[in-house]
Amino acid sequence: MIIVTLKPRNMGRNRKWLPGLGPVLLILLSHMTSGLEVPLDLPQPPTITLQSPKDYIFDPRENIVIHCEAKGKPHPSFSWTRNGTHLDVDTDHKVLMKPGAGTLVIDIGEKAEASEGTYQCRAQNEHGAALSNNFVIRQSRSPLWSKEIIEPVIVQTGTPLVLPCRPPAGLPPPVIFWMDNNFQRLTLDNRVSQALNGDLYFSNVVAEDTRSDYICYARFPHTQTIQQKQPISVTVLDSRSEGERRPGFMFPVGTTSTKMVLRGQTLELECIAEGLPTPDVSWQKDEGELPSSRTSFSRFKKTLRISDVNEDDAGDYRCTATNKLGSAHHIIKVDVKAAPFWVSAPRNLILAPNETGILTCRVNGEPKPDIRWFVNGVPLENTRKDHRREVHDDTVILNNVLTGTSAVYQCNASNEFGYLLANAFVNVLAEPPRVLTPPNQVYRVITNNPALLDCFSFGSPIPNITWFKDFQISIRSGDSYVIHKNGTLEINVAQPRHSGNYTCIATNNLGRKENQVSLEVKEPTRILKQPEYRVVQRGMSAMFECKVKHDRSLNPTVTWLKDDRELPHDNRFVMGKESLTISDVTEEDEGTYTCIANTILDQDSASAKLTVVEKPDPPTDLELTDQTERSVQLTWTPGDEHNSPTQNFLIQYEDSLHQPGVWVNLTDVPGSSTTARLQLSPYVYYSFRVQARNEVGYSEASGPSRQYRTNPAAPDENPSNVRGIGTEPGNLVISWTPLTGLQSNGPGLEYKVQWRQKDLEEDWTSKNVADSQLVVSGTPIYALYEIKVQAFNNYGNGPEPEVVTGYSGEGLPLSAPDTVQVMVHNSTLAEVHWEPVSLSSVQGKLQGYKVYYRRERGLQETEEEGDQQEQNLTFSGNRSEGMLPGLHPYSLYVVFIKVFNNKGEGPPSSSKTFETPEGVPGPPAFLKAINPGLDSLTLSWGPPRRSNGRLTGYTLRYQPVNSTNELGPLSVVTLEANETMFTLGSLNPSVLYKFYLSAKTIKGPGPNVTEEAYTAMDITLIQPTVDAGKVPPVGPVFGTVNASVIEGGAVISWEYFGHQKNVFVEYNVENSEEDWKRERVNGTHPHTIKGLKPGTSFWVRVVARDGADQVVHKTNKTLIKVPAGPNRQIDIATQGWFIGLMCAIALLILVLLIVCFIKRNKGGKYPVKEKEDAHQDPEIQPMKEDDGTFGEYSDTEDHKPLKGSRTPSNGTVRRDESDDSLVDYGEGGDGQFNEDGSFIGQYSGKKEKDTHEGNESSEAPSPVNAMNSFV
């Protein structure tokens, strides 16, 4: 199977390689392809496949190699002509032709000129002859420069000058350049330029042009030789300088000139101007525009080049030379000629007998080419007349061709500029179709791309191609499909629905051939999560994501590039499955990172840029300028920003006089600034530094500037935060925030403190201090003072200070609130009112009132007195009322009030008592259930600890609780207030009840107290064991527990009335010292213990455990015995020796034979077997115990044996398909046990049982055991 991957391509692209051809140097060879390929196993005329260029310039030091290769069937032979004469390769010892090909190798020898000429190759077989182009073979030449006497050149400054080169004519033409004696190329510019013919032009000469070694060199490329002209000496005189002049043209001369160029070549137009100053040259095309895509300029715009010339490039081209004095124009008339070129070359024809074919040879050129036809290398006019062949200039029509008329036709089109020669064979064949495309190719293409399914075929007549999809759907050219002439099926936009098998069928009148291919349309590869632009700080990590979605059948490879190159070989670059991580990033990691996801069919890519940022470098070159007493200009040079623009500059200063070594932030300026005007303070020794900040952070600080000292002065400001506060009665503490050293402005800083009592004193009292506080004594209590503080130093006083106010020290309040009244809102809330004290008696700032209250006692005589703890509530501000929440109902309270200020509390008011009304009571003190009976329970309780009023009675509610904790109907009983015990009757035995008891007053019922208890059971049962330290339950916890044995196990069922959730069935082998095995069970459902060893006795019990896995309740252990397996004896009547014995006896005694015959048919069965046959039960199902696991039962009826199983009387137990079943046994004893484990009675099952007691066989003992009941 061949797999073809289809990538996006154009239909015009050559999609097929011709067999047997390798790469060839285009400089030497031209690669020939034909329009129609004939399989090489079929007869065909020759076709030239490889030949040399038409012009061949050879190096006389090397052999001449002229390529000529062809194919055909049979393989063609080759011959050559030179200058129109046959070249005898066999006799010319200097000429060699390669075996199997026509390639000619010529040994040049001493006379290379003898090998020059025009060569042509002829390839011929029995079906025709093909001709190659004419190869013009010429020897490369590098002639010497002709000897000449070169006179020195003397010119005046400013005049134009031309130094001719005139190199010898070489083959090919030499490359010209100018150098001096030191082999240094001369400098060319707008003033000095080299023309296309090699001459050196000076638009105007200057004194520096004087030199004696202007040398023209010619380099001949084929021989790799360089020849030089005799040096030219130039002397520039500056005694009489030429004045400025308008431009003129040195080349071409005159106002117009002409230029002829061939189509397809490069047009070179040249204009060299002179003038002073040196003129500039410009180009334009009259009545048209220069083709921008094909136009270029060189030699400082003195040469115009237009590549790949066509007819539209003909016309007038104007070059203009301009300087400041004027301009000059020259028009070059361009005429475009054309050597012959193909419009439609003749193509090979494959014709079936009696078909008609047409050969066309359509060419163009200027002048119009002449067309001549040849057949097998012979001019058509020189061949025998053929009425089936018609020639019409560029067309040959072949009518009703015959077998055996195959030939090669040549078309030769020529004019004065060249020729074209084309071979086209006419191959007359009768061939059934064949498909050339390999079979079973698998084409793979990406969704939404074109798919091309090849069906290259051959046949004569040409086969008709049809396509089918999935062997049944006929495909026709339409919206989705295009069938090309070569049979290729194109799907314009491939979709997944186009996947499948395709069949192409080639048909002509000689047969039919088909080929199968398949197409797989794949999902495109897409980058879902593209890498995103990252800005990363140097030294950190950068991660680019690249999450790829692709077709499941394609395995993409993910490649990362940096700036379109491979990633650096560095361990810091880690490529994950869907990411690229760069650790410890450096500046060199900056760039564009591209993720490329490649599959064999397609690729997707995405790019993102990484920018590495860092804190800026510190500023440098700090300079202080424009210095004044209170300001200075600071200038600096910013450091490198490291890809993050500077946001601002922070300017700091150090005061080496007051705070040496401490740098203080002074100001900041925008990041675009590099200078700042700094405001200064007197008496400071300043040094400045600057920090730059960008997004990453602050740079290191710059170096400090030179020190700048300011002169002392009087303070500019006074201290701040001046306050006056009394700390004790009779004092006033005046404090302030002192000035800093920077604010002092000079030495000798002190403070003048002044104060006076507001509205009572006119004069100020003052005192000078050096500290930041002054205590004034002997002041009235809580008097208002005016205060001011002024700074001064040795150079003068600060500004006039502001006046602030403050109070002297407070005293305790003198008065108590009056007229205390209480308004009771409810049993827990009261409102207190009082008459506020006068503000003068407060002796300070009034902060509020405190209400003190205490519960004296309850209002019921029988109730104990409450605690005497006093409580208080604070009411801020000048209040006259407040609320007292959280009071006890039905109680006596005492309340009094105090006023307080910042110093403390004043005297208390007179006390006031009040009572709270009744409320709902608290819960009863306790509730107990005692003396449980079969249908009754006695409840005992205590009165509420807080009755909150006079009790009016109790309300008792109760309801039963079943085994699933569901509550039954609720019953209500109303009780008297003096009752503390009550007996409930008519209850159900052995039932759990839940009780709710609440007390009530006239305000309503209080909260409940709850209790749960069981009634007693009216049966004699084994009581469960209660472990030490556990509280015994009310009534039995475990009800009836039943045990029955089955083959390899036992079935246990029980009743449990306790509340523990962890219930286990535990068992152990009799007389074993091992730990008990246990299996957790589901409530009271039956449980099957499986995997017990047959014939072994086990102790079994049921246990309830708490959350700590401690035993709370358990039953007594009961012994069970697992039955042994059935005894299977060998039936003697089926043994061979027994039958032989019977036959021997029958031969001796006929009577004994009859008796033995009867005995053999009836005596071979055992009684148990007969019994089983008589009681076949169709409902017997096998019990599933193969898995050896223990199952849980879902039956909710505790006492009911499970259905669906029977025990056959033959002593075997059949396996049931369900694990949750018990076996109804018809034999054996069923019983119960007393508390000591003794048998107490006969068990009666609820299903009808088979009664076949006494039928146990002594040879096959029954496995049926007694069903045990235990508690």
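Predicted, not measured: the structure shown is a model, and the values here were computed from it.

## Describing the packing of aromatic side chains
- Under the definition given, this model contains 20 aromatic pairs.
- Arranged with centres 5.7 Å apart and planes meeting at 5°, the rings of Phe 177 and Tyr 217 form a pair that is stacked. Remark: Tyr 217 occurs in strand E19 (residues 211–220) and Phe 177 occurs in strand E16 (residues 175–179); sequence separation between them is 40 residues.
- With centroids separated by 5.5 Å and ring planes inclined at 50°, the aromatic side chains of Trp 834 and Tyr 849 adopt a geometry described as tilted. Residue Trp 834 is found in strand E76 (residues 829–835), and its partner Tyr 849 is found in strand E77 (residues 846–858); the two are separated by 15 residues along the sequence. The same class applies to Trp 834 and to Tyr 849, which are both buried.
- Joined through ring pairs, the aromatic side chains of Phe 177, Phe 183 and Tyr 217 make up one cluster.
- Stacked on the ring of Phe 1064, the Lys or Arg Arg 1078 has its end atom at 4.8 Å from the ring centre.

## Some points on the sheet that holds strand E83 (residues 937–944)
- Here 3 strands make up an open sheet; going across it, the order is E82-E83-E86 and the pairing antiparallel. Unpaired on one side and paired on the other, strand E82 (924–930) and strand E86 (981–984) mark the two borders of the sheet. Across this sheet, the average inter-strand angle for adjacent strands is 20°, counted without regard to direction.

## Here we look at the pairing of strand E92 (residues 1049–1053)
- In terms of residue burial, E92 counts as a mostly covered element, since 5 of its 5 residues are buried.
- With burial as the criterion, each face of E92 is covered, one bearing Gly 1049, Val 1051 and Ser 1053 and the other bearing Ala 1050 and Ile 1052.
- In this structure, strand E91 (residues 1041–1046) lies alongside E92, joined through 5 bridges in antiparallel fashion. Looking at E92, one finds that Ala 1043 is bridged to Ile 1052.
- The hairpin turn running from E91 into E92, its antiparallel successor, is 2 residues long, and Gly 1048 in that turn takes a positive phi close to 75°.

## What to know about the pattern of salt bridges
- Across all of its chains, the model carries 42 salt bridges by this definition.
- Where Asp 335 meets Lys 337, a salt bridge forms, and the shortest distance between an N and an O atom there is 3.5 Å.
- Note on Asp 335: relative accessible area 36%, which makes it partly exposed.
- According to the relative accessible area criterion, Lys 337 is partly exposed, its value standing at 22%.
- Across the pair Arg 677 and Asp 626 runs a salt bridge whose closest N-O atoms are separated by 3.9 Å.

## Considering unusual backbone geometry
- The peptide bond linking Glu 366 to Pro 367 adopts the cis configuration, its omega dihedral lying at 0°.
- Relative to the elements of secondary structure, Pro 367 occurs in the loop between strand E33 (362–366) and strand E34 (370–375).
- Residue Pro 461 is reached from Ser 460 by a cis peptide bond, and omega for that bond is 5°.
- Here Pro 461 shows up in the loop between strand E43 (457–460) and strand E44 (464–469).

Reading the values: the criteria
- Residues numbered from 1 in each chain as written.
- Predicted model: local features only at pLDDT ≥ 70, side-chain atom pairs only at ≥ 80, totals over all residues.
- Heavy atoms only, no water.
- Phe/Tyr/Trp six-rings, centres within 6.5 Å; stacked < 30°, edge-to-face > 60°.
- Helix = DSSP H or I, 4+ residues; strand = E, 2+ residues; numbered from the N terminus.
- Buried < 20%, exposed > 50% of the residue type's maximum accessible area, 1.4 Å probe, protein only.
- Lys NZ or Arg CZ within 6 Å of the ring centre and 35° of its normal.
- Pairing = 2+ DSSP bridges.
- Axes fitted to C-alpha atoms, helices over the stretch in contact; angles between N-to-C directions.
- Salt bridge = Lys/Arg side-chain N within 4 Å of Asp/Glu carboxyl O.

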